[in-house]
Amino acid sequence: MDVQVENEIDPSPHARQIFEKEFMPHLDAMYNFALRLTNDEDDAQDLVQDTCLKAYRFIHSFEPGTYAKAWLFRILKNNFINDYRKKSRGPSKVEFEWVEQSFAGDDDPEPSHQADLHAETVNEMLGDEITKAIQALPVDFRMIIILCDLEEFSYEEMAKILNIPIGTVRSRLHRARALLKDSLATYAKSKGYGADTLSELD
């Protein structure tokens, strides 16, 4: 998808170079994440566009060479929660603490792929029923399932994206998988998946 950032605050060639090199390669992943959160193509495109605009606006706080995907996903998550809360008539704003933070200082900027359930396991089972089951999860549980089991972020990266302790990441993920497993039990059995397959969601 195309994004427009030319009119943002910093039009310098250096900022544009960082954006194109560090951020553009993750547009498809961002759109997929946004689509799974919103379940609407137009809303997903708007969410990605808004995320790119904010990323460009605060590009000075990103350190080139660090893990750009996690940084972008955190912005996208904040944007989604802001909009979700507005629609739910809840608190109107999530503070963007990330604008003065980066993912610098990590020993390994690439994903460690330590998630218990790998994306290929979920993808083998993905179908209309699983998509519906994920969409039906409460937003916090839906988000952590997507980040861990589909996007394969590590626990440390998810903690940074969601701005929660690693212990909360683990407990929330366990609860999310339990809810997903319960909702998929009947469907999985009808498709010939046994108890061993379902137990992978624990």
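Procedures and definitions
Residues numbered from 1 in each chain as written. Predicted model: local features only at pLDDT ≥ 70, side-chain atom pairs only at ≥ 80, totals over all residues. Heavy atoms only, no water. UniProt positions renumbered as here; feature names shortened; annotations may be inferred. Helix = DSSP H or I, 4+ residues; strand = E, 2+ residues; numbered from the N terminus. Axes fitted to C-alpha atoms, helices over the stretch in contact; angles between N-to-C directions. Parallel < 35°, antiparallel > 145°, perpendicular 65-115°, else oblique. Left-handed = near helix turned anticlockwise from the far one by under 90°. Contact = heavy atoms within 4.5 Å. Nonpolar A, V, L, I, M, F, W, Y, C, P; charged D, E, K, R; others polar. Core = buried A, V, L, I, M, F, W, Y, C linked by side-chain atoms within 4.5 Å. Buried < 20%, exposed > 50% of the residue type's maximum accessible area, 1.4 Å probe, protein only. Patch = residues over 30% accessible without salt bridge, like charges linked within 9 Å, V, L, I, M, F, W, Y side chains within 5 Å. Areas by Shrake-Rupley, 256 points an atom, 1.4 Å probe, with all protein chains shown as cover. Salt bridge = Lys/Arg side-chain N within 4 Å of Asp/Glu carboxyl O. Lys, Arg positive; Asp, Glu negative; His and termini not counted. Charge placed at Lys NZ, Arg CZ, Asp CG, Glu CD. Polar contact = N/O pair within 3.5 Å; in protein donor to acceptor, adjacent residues only side chain to side chain.

The protein chain goes by RNA polymerase sigma factor in an unreviewed UniProt entry, where it is assigned to Aquirufa salirivi. What the UniProt record of the protein chain gives under Sequence similarities (unreviewed entry) is the line "Belongs to the sigma-70 factor family. ECF subfamily."

*Asks:* Teacher, can you tell me more about unusual backbone geometry here?
*Replies:* The general pattern is negative phi for most residues beyond glycine and trans for most peptide bonds. One non-glycine residue, E152, lies in the positive phi region at around 60°. You can see E152 is positioned in the loop between α7 (139-150) and α8 (155-162). Although it is not a glycine, N163 sits at a positive phi angle of roughly 60°. Here N163 shows up in the loop between α8 and α9 (166-190).

*Asks:* Please clarify how the packing of α7 against α8 should be interpreted in this entry.
*Replies:* Two quantities define a packed helix pair, namely the angle between the helix axes and the distance between the axes. One can describe the packing of α7 onto α8 by two numbers: an axis separation of 10 Å at closest approach and a directional angle of 140°. On the basis of their axis angle, the class for α7 and α8 is oblique. The two elements α7 and α8 meet at a crossing, and its hand is right-handed. Every residue of α8 that contacts α7 at M143, I144, L147 and C148 is listed here: M158, I161 and L162. Looking at the contact of α7 with α8 residue by residue, the class counts come to seven nonpolar, no polar and no charged.

*Asks:* Explain the nonpolar core here, please?
*Replies:* One recurring pattern in soluble globular proteins: nonpolar side chains tend to sit buried together. F23, M143 and L147 are the most contacted members of the largest nonpolar core, which has 54 residues in total. Those residues in contact with M143, other than ones at most four positions away along the chain, are F33, L37, K77, F80, I81 and L162.

*Asks:* Just checking my understanding: could you explain a negative patch on the surface for this structure?
*Replies:* Taken together, D40, E41, D42, D43 and D46 make up a surface patch of like negative charges. The topology assignment puts D40 in the loop between α2 (27-38) and α3 (41-57).

*Asks:* Explain the environment of E151 here, please?
*Replies:* Residue placement: E151 occurs in the loop between α7 and α8. The exposure class assigned to E151 is buried, which follows from its relative accessible area of 12%. Beyond its immediate sequence surroundings of up to four residues, E151 is in contact with A29, F33, R36, K69, F73 and I146. Here the side chain of E151 touches K69 through a polar contact of 3.0 Å, side chain to side chain.

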